[in-house]
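Structural features, examined
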Amino acid sequence: VAPAGAGPESPAPPVCVLVLGMAGSGKTTLVQRLTAHLHSQNSPPYVINLDPAVHELPFPANIDIRDTVKYKEVMKQYGLGPNGGIVTSLNLFATRFDQVMKFIEKRQNTSQYVLIDTPGQIEVFTWSASGTIITEALASTFPSVVVYVMDTSRSTSPITFMSNMLYACSILYKTKLPFILAMNKTDIIDHSFAVEWMQDFEIFQDALNQETTYVSNLTRSMSLVLDEFYSSLKVVGVSAVLGTGLDEFFVKVSEAVDEYEREY
Ligand code: GTP
């Protein structure tokens, strides 16, 4: 979606890259690495941190939720635990997201990408009103892509892999945005096993045959259901620690945006 006033001579609007994933999957490290990569290509991104509870950010954020909402104060003031504190902080921040949008709009001639790091616990963002408000605000103004970060090294069991894929699929349904699966931590284990599982049902079945539980039967059926999800899914293997796979990552981002714009 081109921003208002964008004519043929205007520069392309920035692409918003929303980085989501399970706790510890490597979201923050990936945002750090993507930021460094874009700087090295003379294309500095606009970086937004939406995690109010992060101790130290390893990248310089242009907008940091922690500058606006003090998560520990919110916990004290509203008598909340850690998760309630994070959700409430995000809600408070979402009420001012129109200001964030204005900042991004001002930067649209200078930044090709807006990178957005989200809270550690994925459901805080994907299943909260504020996460929906923020996602919709971004996606209604700028081309936007969801990047689901998967910890490949923790997805080597077919059942764990399947539950990760079901989660990814639910986020695709929830956001209805172009979607990229970033298989992270490929320095620990190559992601080819997971790609094979997605491409060849029988290889996945063979892996599952080692398990004989109710869950494995369910997983067998689920893998058939997910076939359609897999066939249109954009997958890229990355190592946020080593910085590998990032050129391919940005190729997938461009493809995802182009396909989405052609379809809608
Ligand atoms: P939370 O915000 O705490 O949920 O985590 P996160 O998803 O932002 O992950 P983070 O970037 O904090 O990384 C979690 C751990 O995984 C850290 O110890 C990272 O050093 C490690 N890590 C992240 N990416 C990679 C990677 O590509 N390879 C390896 N080996 N470790 C990684």
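Read on for a plain summary of the structure. (Residues numbered from 1 in each chain as written. Predicted model: local features only at pLDDT ≥ 70, side-chain atom pairs only at ≥ 80, totals over all residues. Heavy atoms only, no water.)

Thoughts on the overall build of the chain
A count of helices and strands for the chain gives 13 helices and seven strands. Each principal axis of the C-alpha distribution contributes one length, and for the chain these read about 55 × 50 × 35 Å. Taking all 264 residues of the chain together, the buried fraction comes to 49%. On the chain, roughly 12700 Å² of surface is accessible, and the fraction owed to carbon and sulfur atoms is 53%. Across the chain, the 18 positively charged side chains and the 28 negatively charged ones have centroids separated by 10 Å. (Helix = DSSP H or I, 4+ residues; strand = E, 2+ residues; numbered from the N terminus. Buried < 20%, exposed > 50% of the residue type's maximum accessible area, 1.4 Å probe, protein only. Areas by Shrake-Rupley, 256 points an atom, 1.4 Å probe, with all protein chains shown as cover. Lys, Arg positive; Asp, Glu negative; His and termini not counted. Charge placed at Lys NZ, Arg CZ, Asp CG, Glu CD.)

Regarding the site of the ligand
Taken together, 17 residues lie around the ligand, and Lys 27, Thr 28, Thr 29, Asp 187 and Ala 240 are the ones closest in. Here Asp 187 contributes a side-chain N or O atom positioned 2.8 Å from a nitrogen atom of the ligand. The separation between an oxygen atom of the ligand and a polar main-chain atom of Val 241 is 3.2 Å. Burial of the ligand by the surrounding chains reaches 68%, relative to a free accessible area of 640 Å². For the shell around the ligand, a count of residues per class yields five nonpolar, eight polar and four charged. (Near = heavy atom within 4 Å. Polar contact = N/O pair within 3.5 Å; in protein donor to acceptor, adjacent residues only side chain to side chain. Nonpolar A, V, L, I, M, F, W, Y, C, P; charged D, E, K, R; others polar.)

Topic: the packing of helix α8 (residues 158-175) against helix α10 (residues 201-208)
Helix-helix packing is characterised by the crossing angle of the two axes and by the distance between the axes. One can describe the packing of α8 onto α10 by two numbers: an axis separation of 9 Å at closest approach and a directional angle of 125 degrees. One way to sum up the angle between α8 and α10 is to call them oblique. Contacts between α8 and α10 pair Pro 158, Ile 159, Phe 161 and Met 162 from the former with Phe 204, Ala 207 and Leu 208 from the latter. In terms of residue class, the contact of α8 with α10 is built from seven nonpolar, no polar and no charged. (Axes fitted to C-alpha atoms, helices over the stretch in contact; angles between N-to-C directions. Parallel < 35°, antiparallel > 145°, perpendicular 65-115°, else oblique. Contact = heavy atoms within 4.5 Å.)

Points about unusual backbone geometry
A positive phi angle, near 55 degrees, is found at Asn 42, a position not held by glycine. Take Asn 42: it is sitting in the loop between α1 (27-40) and β2 (46-49). For Lys 185, which is not glycine, the phi dihedral falls at a positive 70 degrees. Counting through the fold element by element, Lys 185 comes out in the loop between β6 (179-184) and α9 (192-199).

Looking at the pattern of salt bridges
The final tally for this structure, using the stated rule, is seven salt bridges. Residue Asp 64 pairs with Arg 66 through a salt bridge whose shortest N-O separation is 2.8 Å. The class for Asp 64 is buried, based on a relative accessible area of 9%. Here Arg 154 makes a salt bridge to Asp 151, at a shortest N to O gap of 3.8 Å. Through salt bridges with shared partners, a single ionic network connects Asp 151, Arg 154 and Lys 185. (Salt bridge = Lys/Arg side-chain N within 4 Å of Asp/Glu carboxyl O.)

A few points about the pairing of strand β4 (residues 113-117)
Across the five residues that make up β4, a large majority, five, are buried. Along β4, one buried face is formed by Tyr 113, Leu 115 and Asp 117 and the opposite face, lined by Val 114 and Ile 116, is buried too. Strand direction decides the pairing type here: strand β1 (residues 15-21) and β4, joined by five bridges, are parallel. Of the residues in β4, the one forming a bridge with Val 19 is Asp 117. (Pairing = 2+ DSSP bridges.)

Regarding the nonpolar core
Counting residues in hydrophobic clusters, the biggest one holds 54 residues, and the most contacted among them are Ile 48, Leu 138, Phe 161, Leu 181 and Met 198. Tallying contributions element by element places α8 first for this core, with six residues. Ignoring any residue separated from it by four or fewer positions in sequence, one finds Leu 138 in contact with Cys 16, Leu 18, Phe 97, Met 101, Ile 104, Ile 116 and Ser 144. (Core = buried A, V, L, I, M, F, W, Y, C linked by side-chain atoms within 4.5 Å.)

What to know about a negative patch on the surface
A contiguous patch of negative charge on the surface is contributed by Glu 196, Asp 200, Glu 202 and Asp 206. One can find Glu 196 in helix α9. The class of Glu 196 is partly exposed, set by a relative accessible area of 40%. (Patch = residues over 30% accessible without salt bridge, like charges linked within 9 Å, V, L, I, M, F, W, Y side chains within 5 Å.)

Overview of the side chain of Asp 117
Mapped onto the elements of the fold, Asp 117 is located in strand β4. Despite its burial, Asp 117 pairs with no opposite charge, the nearest such side chain being Lys 27 at 6.1 Å. Beyond its immediate stretch of four places on either side in the chain, Asp 117 contacts Val 19, Lys 27, Thr 28, Val 31, Ile 48, Asn 49, Leu 50, Asp 51 and Phe 59.

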